[in-house]
Amino acid sequence: MSTQHTLEIKGLTVSVETEDGPKEILRGVDLTVKSGETHAIMGPNGSGKSTLAYSVAGHPKYTVTGGTVTLDGEDVLAMSVDERARAGLFLAMQYPVEVPGVTVSNFLRTAKTAVDGEAPKLRTWVKDVKTAMGNLKMDPAFAERSVNEGFSGGEKKRHEILQMELLQPKIAILDETDSGLDVDALKIVSEGVNRAKDASGLGVLLITHYTRILRYIKPDFVHVFVDGKIVEEGGPELADRLEEEGYDRYATVPAVQA
Amino acid sequence: MPVADTLVDTDASVTDASRTTHVDPQTASAAGFVPQQSRAERAASFDIGAFPLPSGREEEWRFTPVKKLAALLAEGATGHLDWTTSLPEGVTTSTISAGEARDLGILPPQDRAAVLAAASAGGAVLVDVPAEAELTEPVRIRLDGSGSDPVHAHVVVRAGRFSKAVVVVEHAGSARVSELLSVVTGDGSDVTVVSVQRWADDAQHLAQHDALVGRDARFTHVSVTLGGAVVRVNANVRYAGPGADATLLGVYFADAGQHLEHRSFVDHNAPHCKSRVTYKGVLQGETARTVWVGDVLIRAEAEGTDTYELNRNLVLTDGARADSVPNLEIETGEIEGAGHASATGRFDDLQLFYLQARGIPEDEAKRLVVRGFFVDVIREIPLADLRDEITAAIEEELATTDYAAPIQQTPSQHASKEN
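What you see is a predicted model; the values in this text were computed from it and never measured. (Residues numbered from 1 in each chain as written. Chains lettered and ligands numbered in written order. Predicted model: local features only at pLDDT ≥ 70, side-chain atom pairs only at ≥ 80, totals over all residues. Heavy atoms only, no water.)

### Comments concerning the overall build of chain A
Part 1 of the reasoning: Along its length, chain A carries seven helices and twelve strands.
Part 2 of the reasoning: Its C-alpha radius of gyration of 18 Å places chain A within 12% of the 18 Å reference for a compact globule of 258 residues.
Part 3 of the reasoning: For the C-alpha atoms alone, the extent of chain A along its principal axes is close to 55 × 40 × 40 Å.
Part 4 of the reasoning: Counting only residues that meet the buried cut, chain A has 54% of its 258 residues in that class.
Part 5 of the reasoning: Sequence separation of at least 24 residues holds for 72% of the intrachain contacts in chain A that already meet a minimum separation of 6.
Part 6 of the reasoning: For chain A, the accessible area works out to roughly 11500 Å², and carbon and sulfur atoms hold 49% of it. (Helix = DSSP H or I, 4+ residues; strand = E, 2+ residues; numbered from the N terminus. Rg over C-alpha atoms; globule rule 2.2 N^0.38 Å. Buried < 20%, exposed > 50% of the residue type's maximum accessible area, 1.4 Å probe, protein only. Contact = heavy atoms within 4.5 Å. Areas by Shrake-Rupley, 256 points an atom, 1.4 Å probe, with all protein chains shown as cover.)

Right, here's the structure in full:
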C-alpha cells in the first residue's frame, strides 16, 4: 500500500482582477482529496470549476482572498507554482500551452529532473517514456516535436496524461481533460488515468462538464459546483442523476453564465 | 505565424513600424533632405565620393550611433587583424586587387563603411571554390583583433557552378573594422555563409555581406552576433538569374551597452526567385539596443517572387530597446506571395506557468523558453560543433540575466501580411 496523501481545501475564496475591480469567483470551497480517491467536480460553464484548478496550481491571475489549501499539512498557498508541482500536485490543463522550440523529450526530462530532484537514469527513463507513449497511442515522433505546437486537441490531452504518468504526482487535478475528445481518445486518456491510480494510488480531482468520462473513470465522490461553491455532494449515483436532469435544478442561483 | 501569439506588447521604448516605401516623416521634415521613394534609389557605388560622412539622419544610419564611429568612417586605416584560415581540399585563396574584385561582378558598396572596405583594404582576399566541388568540410576564416586602430577588410567568395560550400567567418578580439564580404555564386550552387560576431566588449564592426546568387542556386547567410560594442551587419542579396532561393538568418543577444544592428536587403530583380528572412534577438540590461531593418524590393520584372521576412525580439529586462522595421516594396502583382511580420515582447506568462506547473523552477523555465526561441534559426547552422559553440555562448549570456517580471497575458501581435 502506498503512502496516504491528503489535499485539503478549506473555505477557499478566490477573486480575479477585472476592469471593474476584483470579482469573486470562488465563494468558500471545502474539499478533501486523498490518495486512491477519485472526486468528480461537475458544474455548468462559468461556475468557477477551472478557477479552482488554477488556484490550487498557483496561476498568478487568481488572487486567494481567504481559506487554506494544504497537501499533507503543508501550506500549498505559500508555495510558488513550481514548488507546488514538486510537492506532488499536478494540473492537467484544459488548454495546454505551446512552447516553441522546446522538444517534448527535453521538456519531460527537465520536468522529471526538477520533480525528482535528480536526473532520471537514462536507460530506464527512455524505456519509461517509450512505454508510456505507447500506452497512450502516441507516435514516438512526438518526442522530437515542440511542446504542444501543432498538436490536435486530442494529442494535447494525451500529452498531459503522459506527463502525469511520468511525473507520478500525489494528487492530480484534471481540468476538463475530456472536453473536445472523441470516444476513442477519451478511452485512451481514461485508461491512462486509471493506470496512474493503480500504479501509485494517485488521488484524482476530475473537473468536467459532462458525465461521459465517468463511464471510464469511476468517481468515488461527485460534487456539484455552482456559482463558486459546492452545492451538493454524493456518490456516483449523483452523476447519473445529473446525466438525466442536467444542472437546471441548481439554477435558482443567479450569475451562471456561459 | 503562430509564434506571434506567444509574444506580448511591451513598453513604449520598443518601436515597431512597417512601411511599404521609404518615406520617413523624420527624415522628410529635416531641411535639405529629399527622402528616397524606393530602396532602389539608395546609393551603390565603388566611389568613396558617393558616400559622405553620415550625420546619423540618413535613412541608412538613423538608428546607428555614428558619433562613436568617427574614426572608423574616416579615410586612412592603420589597424591590423590576424587572419587564420582553414581550407578544405580544392579550395584556394589568393590576394586580388580592388579592380579585379570588381571584375568578378561583386555587388557595389552601399554605405560609407563598405566603400572604405572595398577601396582601402589594399585589395581583397579571394576564396575560390571550384565548379562542381562539393565540400565536406567548411571553409573557416577567423579574424582576430587586438587594438582600436581602424582596419578595413574585403573578402570575396567565388563559388563555381554546381558547387556546394559552407564558409564560416568568425570575428573575435578588440577591433574597429569595416568589412565587405562579397559572394558570387554560380548557377545551381548551394552556398552557406555563417558570420559569427563574438567580439570583445569594446569592438566596432560595420559589415556589408553581399551575395549575387546564380540561376537556380541556393544561398544562405547566417549572422550570429553576441559580442561587440557597436556591430552592424548588413546582408544583401541580388539574383543573377531566375529560380534562385536565398535565406537570410540572424540571431543576436544584446547586453547592456551593446548596439547590435542587422539590416537585410533582398533585391528581387529576377523572376521566380524565393527569399526567406528570419532574425531573432534577445535583449537584456539597461541600454541594450538592437535594430533590425529588413528591406525587400520586388521589381516589376520579378514575376513569380515568393518572399517572407520575420523579426522577433524577446526583451528580458527593463530599459532595453529593440527597433524593428520591415519594408516591403512591390512593383508587380504577378507574385507567388510576399509578407512580413515583426513582434517584440517579453516572456509569455502562460508559457512560464505551464513549465513551472511541471516543477521546473522559474529561471530554468525562462532559459528553456529563450533556447526554444532561438532554436529554429540555430538549427539552420550546418555545423554541429559551431551550433554547440553558439548555444553554449548564449547559455553564458543567460547565466548573467536578472529577469524582469513577465507581463500579464495580453496577447497581441505586430504582425502583418501583405498580398
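### Section: helix 5 (residues 153-167) of chain A
Part 1 of the reasoning: Between the first and last C-alpha of helix 5 of chain A there are 21 Å, a value that for 15 residues agrees with the 21 Å anticipated at 1.5 Å per step.
Part 2 of the reasoning: Of the residues flanking the end of helix 5 of chain A, it is Q168(A), one or two places downstream, whose phi is positive at about 50 degrees. (Expected span 1.5 Å × (residues − 1).)

### Here we look at a negative patch on the surface
Part 1 of the reasoning: A cluster of acidic residues, E237(A), D240(A), E243(A) and E244(A), forms a negative patch at the surface.
Part 2 of the reasoning: Locating E237(A) in the fold gives a position in helix 7 (residues 236-245). (Patch = residues over 30% accessible without salt bridge, like charges linked within 9 Å, V, L, I, M, F, W, Y side chains within 5 Å. Salt bridge = Lys/Arg side-chain N within 4 Å of Asp/Glu carboxyl O. Lys, Arg positive; Asp, Glu negative; His and termini not counted. Charge placed at Lys NZ, Arg CZ, Asp CG, Glu CD.)

### Looking at the packing of aromatic side chains
Part 1 of the reasoning: All told, the structure shown has six aromatic pairs over all chains when counted by the stated rule.
Part 2 of the reasoning: Arranged with centres 5.9 Å apart and planes meeting at 45 degrees, the rings of Y54(A) and F353(B) form a pair that is tilted. With one member in each of two chains, Y54(A) in helix 1 (residues 49-57) and F353(B) in helix 5 (residues 349-356) form a pair that bridges those chains. Each member of the pair Y54(A) and F353(B) is classed as buried.
Part 3 of the reasoning: Taken together, a centroid distance of 4.8 Å and an interplanar angle of 85 degrees make the contact between F142(A) and F151(A) edge-to-face.
Part 4 of the reasoning: For F142(A), a relative accessible area of 6% translates into the label buried.
Part 5 of the reasoning: For F151(A), a relative accessible area of 7% gives the class buried.
Part 6 of the reasoning: A network of ring pairs unites the aromatic residues Y54(A), Y62(A) and F353(B) as a single cluster.
Part 7 of the reasoning: Note that R145(A) overlies the ring of F142(A), its terminal NZ or CZ placed 4.7 Å from the centroid.
Part 8 of the reasoning: Above the face of the F265(B) ring, R39(B) is positioned so that its terminal group lies 4.0 Å from the ring centre. (Phe/Tyr/Trp six-rings, centres within 6.5 Å; stacked < 30°, edge-to-face > 60°. Lys NZ or Arg CZ within 6 Å of the ring centre and 35° of its normal.)

### Regarding unusual backbone geometry
Part 1 of the reasoning: Residues other than glycine seldom take positive phi values, yet Q168(A) does so here, at roughly 50 degrees.
Part 2 of the reasoning: Looking at the secondary structure, you find Q168(A) in the loop between helix 5 and strand 9 (171-175).
Part 3 of the reasoning: Taking the relative accessible area as the measure of exposure, Q168(A) reaches 53% and is therefore exposed.
Part 4 of the reasoning: Despite not being glycine, H272(B) shows a phi value in the positive range, around 60 degrees.
Part 5 of the reasoning: Relative accessible area serves as the criterion here: at 54%, H272(B) is assigned to the exposed category.

### Describing the layout of surface pockets
Part 1 of the reasoning: The computed volume of the second largest pocket comes to approximately 550 Å³.
Part 2 of the reasoning: For the second largest pocket, the lining is made up of 27 residues, of which T278(B), D376(B), V377(B), R379(B) and E380(B) are closest to its centre.
Part 3 of the reasoning: Breaking the lining of the second largest pocket down by element, the ones donating at least two residues are strand 7 (99-103) of chain A together with strand 7 (190-199), strand 9 (218-225), strand 11 (245-254), strand 13 (274-283), strand 15 (306-315) and helix 6 (362-378) of chain B.
Part 4 of the reasoning: At five residues, the largest contribution of residues to the lining of the second largest pocket is made by helix 6 of chain B. (1 Å grid on protein atoms, 1.4 Å probe; cavity = no way out; pocket = protein on both sides within 12 Å on 5 of 7 lines; lining within 4 Å. Points joined across faces, edges and corners; volume = space filled by probe spheres on them.)

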